[in-house]
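# Geometric and topological summary
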Amino acid sequence: MLIYLPIADLPVNVFLILGMGVAVGFLSGMFGIGGGFLLTPLLIFLGISPAVAVATVSTHIAASSLSGVFSYWRRRALDLALAAMLLAGGLIGTGGGVWLISVLRAAGQLDLAISLSYVTLLGIIGVLMIAESARAIFRTRRGGRETLRRPGSHAWFHGLPLKLRFKQSRIYVSVIPVWAIGTFVGFLGAVMGVGGGFLLVPALIYLMRVPTSVVIGTAMLVTLVTMAAATVLHAATNRSVDVVLALMLMLGGVIGAQFGAQAGQRIRSEQLRMLLGLIVLMVGLRFALGLVVTPEDPYSIQPIEGSP
Amino acid sequence: MRQLALALLAAVLLAAAGGPARAERLVISLSTHRVLITSNFTGAELTLFGAVEADGTAAGRAGNYAIVVTVTGPRESVVTWRKERVLGLWINEAARFFVDPPSYLAVLSNRPVEAIAAPERLRRYRVGLRHFVLPQRIGSDVGETSAEDPFREAFVRAKTAEGLYREQSNAVTMLTPSLFRAAITLPANVPTGDYEVEVKLFAEGALVARETTAFEIIKAGFEQFVAHAAREHALAYGLATAALALLFGWLGSVIFRRD
């Protein structure tokens, strides 16, 4: 069954889009991620213009992260103060990312920048996750206890001023690194068309030493606010949010996320991280192939935005 | 510039030559002047009917007509990029800006374009995809390049692959020696806007008559409502979409509440 998308200006198969929503929703429910890094490339592959894909995926991520925020809120497993500080940086980063996109688009290098950032980030994060989970699996196999590393060791940024106590997270740190992480995640999120959960979660766990139980809820709240704001901004400035496409993705996503969450509870957490690491690495490799393999046609055409 | 001046001169001469002395006249009619895009739109086909009215002086030519229908869509601005290998990566290196090419271009005829008239006539009357004017901006100059220009070829190739540019030498059917029908195929990704249809009649390699008509492609119903809201009330549309997302997220957590 085909349905015409009023903003993307092309017909798509309803069941294909719903299926994509379910599949990505399943993974996001399983791993507690937004799934933008999977969904945005998939939509572009279907022929939807990158501008519409990025904008509409932000709507989808806002919906899927709200479900998560509610359940973490009921369990009091999120840190409002930390989220607010991350958002303060995130908004600046998003503005910078939107500016960089317009510059790169004019220079014709937006595709390259998106591909390179996907390759670099997904490559690094994928490898790190696989290595870390492999160590964890190896440790449990040998019967050793999994020790949660929370030493009192002080990193260099603990010497910075403007210290703040985040009660829920049980950390006492300067807000400067928090702002920096928020800015960086907001910046990359805008450029790559992703929520940035897959960046924020490891940054909070490994750099800021925030307890894992609080991290996911807090990251979801940050993602919710930035993606809801991104939806409004994209709609107001680029008119690139397709509500029909968003509706189908959200419908599939909400259903898929429930099954994903159930499946996720049956798998050990280090195996879950290994699986996510493999998926992240594979998407990164796919982008690397596109850069290295000789293209079938070295020419490509690109309509100039704002033309009649 | 010289080409343009020549074309203008030709047009004026043709107009002067018209009137009472002209032997053939074209009468054309489109099956519809308005194509509506609704939620089940997957493309459309328009039919153009035409008749050649000939007076006594043209009697000998009857049945030997060549008809070329050129359909052009709304204009857009396009950049064509060429990738080159830099440090092992394929990177966009060179670009050409095409100045206002049509977003849709179909050249329909009843025989191969090259067989209709001599090459220099085809060029003069802009018949066929090869001879359609696609000016490029190189630096500050705007100029027309040859049909063999690699950027032009790549542009036409890409638009053809999208189904938006086409040249079909079997899309015009002669029903009788003086009555014809042309099928205009519009793919699902066809842009909305105003379309021009120009019909040229050739006899013995010479242009003897031309006629134009037009149609429009617009969104209708729900599609029109959404597109209009997104364009005219962008902020409200964005807020409504965000609210919808929050509603979906909330519903999801209520319906599937497990804790």
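Our structure's up above, just so we're on the same page.
Our subject in this report is the structure included herewith.

What counts, and where the lines are drawn
Residues numbered from 1 in each chain as written. Chains lettered and ligands numbered in written order. Predicted model: local features only at pLDDT ≥ 70, side-chain atom pairs only at ≥ 80, totals over all residues. Heavy atoms only, no water. Helix = DSSP H or I, 4+ residues; strand = E, 2+ residues; numbered from the N terminus. Buried < 20%, exposed > 50% of the residue type's maximum accessible area, 1.4 Å probe, protein only. Contact = heavy atoms within 4.5 Å. Areas by Shrake-Rupley, 256 points an atom, 1.4 Å probe, with all protein chains shown as cover. Phe/Tyr/Trp six-rings, centres within 6.5 Å; stacked < 30°, edge-to-face > 60°. Buried area = accessible area lost by both parts, 1.4 Å probe. Salt bridge = Lys/Arg side-chain N within 4 Å of Asp/Glu carboxyl O. Polar contact = N/O pair within 3.5 Å; in protein donor to acceptor, adjacent residues only side chain to side chain. Nonpolar A, V, L, I, M, F, W, Y, C, P; charged D, E, K, R; others polar. Pairing = 2+ DSSP bridges. Axes fitted to C-alpha atoms, helices over the stretch in contact; angles between N-to-C directions. Expected span 1.5 Å × (residues − 1). Parallel < 35°, antiparallel > 145°, perpendicular 65-115°, else oblique. Left-handed = near helix turned anticlockwise from the far one by under 90°. Core = buried A, V, L, I, M, F, W, Y, C linked by side-chain atoms within 4.5 Å.

## So, the overall build of chain B
Looking only at helices and strands, chain B has five helices and 14 strands in total. Across the 259 residues in chain B, those meeting the buried criterion constitute 42%. For chain B, restricting intrachain contacts to residue pairs at least 6 apart in sequence, the fraction spanning at least 24 positions comes to 69%. Taken as a whole, chain B presents about 13000 Å² of accessible surface, with 57% of it coming from carbon and sulfur.

## Some words on the packing of aromatic side chains
Taken as a whole and judged by the stated rule, the model has eight aromatic pairs over all chains. With a centroid separation of 5.7 Å and 85 degrees between ring planes, the pair formed by Tyr4 of chain A and Phe41 of chain B is classed as edge-to-face. Separated into two different chains, Tyr4 of chain A in strand S1 (residues 2–5) and Phe41 of chain B in the loop between strand S2 (34–37) and strand S3 (44–54) make up a pair that spans both. When sorted by exposure, Tyr4 of chain A lands in the same class as Phe41 of chain B, which is buried. Here the aromatic rings of Tyr118 of chain A and Phe287 of chain A are separated by 4.4 Å at their centres, their planes lie at 20 degrees, and the arrangement is stacked. Residue Tyr118 of chain A is located in helix H5 (residues 110–141), and its partner Phe287 of chain A is located in helix H10 (residues 269–292); the two are separated by 169 residues in the primary sequence.

## Topic: the interface of chain B and chain A
Facing the 58 residues of chain B at the interface are 56 residues of chain A. Each partner contributes to the roughly 4800 Å² buried at the junction of chain B and chain A, and carbon and sulfur atoms together form 65% of this total. Run the count over chain B and chain A and you get two salt bridges. Among the salt bridges present, the one from Arg157 of chain B reaches Asp297 of chain A, with a minimum N-O distance of 3.1 Å. For the pair chain B and chain A, the interface holds 12 residue pairs in polar contact (both at pLDDT 80 or more). Those elements that provide at least two residues to the side of chain B that touches chain A are strand S5 (78–86), strand S6 (89–98), helix H3 (150–161), helix H4 (221–232) and helix H5 (234–255) of chain B. Looking at the side of chain B that touches chain A residue by residue, the class counts come to 31 nonpolar, 13 polar and 14 charged. Relative to S5 of chain B, strand S5 (residues 299–303) of chain A runs antiparallel, the two being bridged by five bridges. What sits directly across from Gln302 of chain A, in S5 of chain B, is Val79 of chain B.

## Observations regarding the sheet that holds strand S14 (residues 206–219) of chain B
All names here are of chain B. Spatially, S2-S14-S13-S4-S7-S10 is the arrangement adopted by the six strands of the open sheet, whose pairing is mixed. In the strand order of this sheet, the two ends are held by S2 and strand S10 (165–168), each with one partner. The mean inter-strand angle of the sheet, taken between neighbouring strand axes irrespective of direction, is 15 degrees. Relative to strand S13 (residues 193–203), strand S4 (residues 65–72) runs antiparallel, the two being bridged by eight bridges. In the sheet register, Thr70 faces S13, and the bridge partner there is Glu198.

## Thoughts on helix H8 (residues 212–238) of chain A
Between the first and last C-alpha of H8 of chain A there are 37 Å, a value that for 27 residues agrees with the 39 Å anticipated at 1.5 Å per step. Trailing H8 of chain A by a residue or two, Arg239 of chain A shows a phi angle of about 50 degrees, which is positive.

## Notes on the packing of helix H1 (residues 14–31) of chain A against helix H9 (residues 243–265) of chain A
Residue and element names in this part refer to chain A. Between H1 and H9, the shortest axis-to-axis distance is 5 Å and the interhelical angle comes to 40 degrees. Here H1 is positioned oblique relative to H9, judged by the angle of their axes. Of the two possible hands of crossing, H1 and H9 adopt the one that is right-handed. A class-by-class count of the residues in the contact of H1 with H9 yields 14 nonpolar, eight polar and no charged.

## Examining the pattern of salt bridges
Side-chain pairing between opposite charges can occur once the charged atoms of the two side chains come close. All names here are of chain B. One pass over the structure, following the stated rule, counts 10 salt bridges over all chains. For Arg82, the salt bridge identified is with Glu84, shortest N-O distance 3.2 Å. One network of salt bridges, in which partners are shared, links Glu198, Lys200 and Arg210.

## Details of the packing of helix H4 (residues 80–107) of chain A against helix H6 (residues 175–192) of chain A
Residue and element names in this part refer to chain A. Running from amino to carboxyl end, H4 crosses H6 at an angle of 40 degrees, the nearest separation of the two axes being 6 Å. When the interaxial angle is binned, H4 and H6 end up oblique. The handedness of the crossing between H4 and H6 comes out as right-handed. Its residues assigned to classes, the contact of H4 with H6 comprises 14 nonpolar, nine polar and no charged.

## Examining the nonpolar core
The biggest cluster of nonpolar side chains holds 92 residues, and the ones touching the most others in it are Leu5, Phe37, Leu43 and Ile48 of chain A together with Tyr237 of chain B. Those residues in contact with Phe37 of chain A that lie beyond four places of it in its chain are Tyr118, Leu122, Val194, Phe198, Val280 and Val283 of chain A. Formed by 54 residues, the second largest nonpolar core is a distinct cluster that contains Tyr65, Tyr104, Val107 and Ala182 of chain B.

## Describing the environment of Gly35 of chain A
Counting through the fold element by element, Gly35 of chain A comes out in the loop between H1 and helix H2 (36–45). For Gly35 of chain A, a relative accessible area of 4% puts it in the buried group.

## Some words on the pairing of S6 of chain B
Sheet faces and side chains relate simply in a regular strand, where the side chains alternate between the two faces. Residues and elements named next belong to chain B. Of the pairings in the sheet, the one linking S5 to S6 comprises nine bridges and is antiparallel in character. Looking at the pairing, Glu84 lines up with Ile91 of S6. The turn joining S5 and S6, which pair antiparallel and follow one another in sequence, is formed by two residues; a positive phi near 55 degrees is taken by Leu87. As defined by bridge partners, S6 adjoins strand S8 (residues 136–138) across two bridges and the pair is classed as antiparallel.

## A closer look at H1 of chain A
Residues and elements named next belong to chain A. Helix length check: H1, at 18 residues, gives a terminal C-alpha distance of 26 Å against a target of 26 Å (1.5 Å per residue), a fit within 8%. Those residues of H1 that are buried are in contact with S1, strand S2 (10–13), H2, H9 and H10. Between the side-chain oxygen of the N-cap and the backbone nitrogen of Phe15 there are 2.9 Å, and the N-cap of H1 in question is Asn13. Where H1 terminates, the next one or two residues include Gly32, which has phi positive at roughly 70 degrees.

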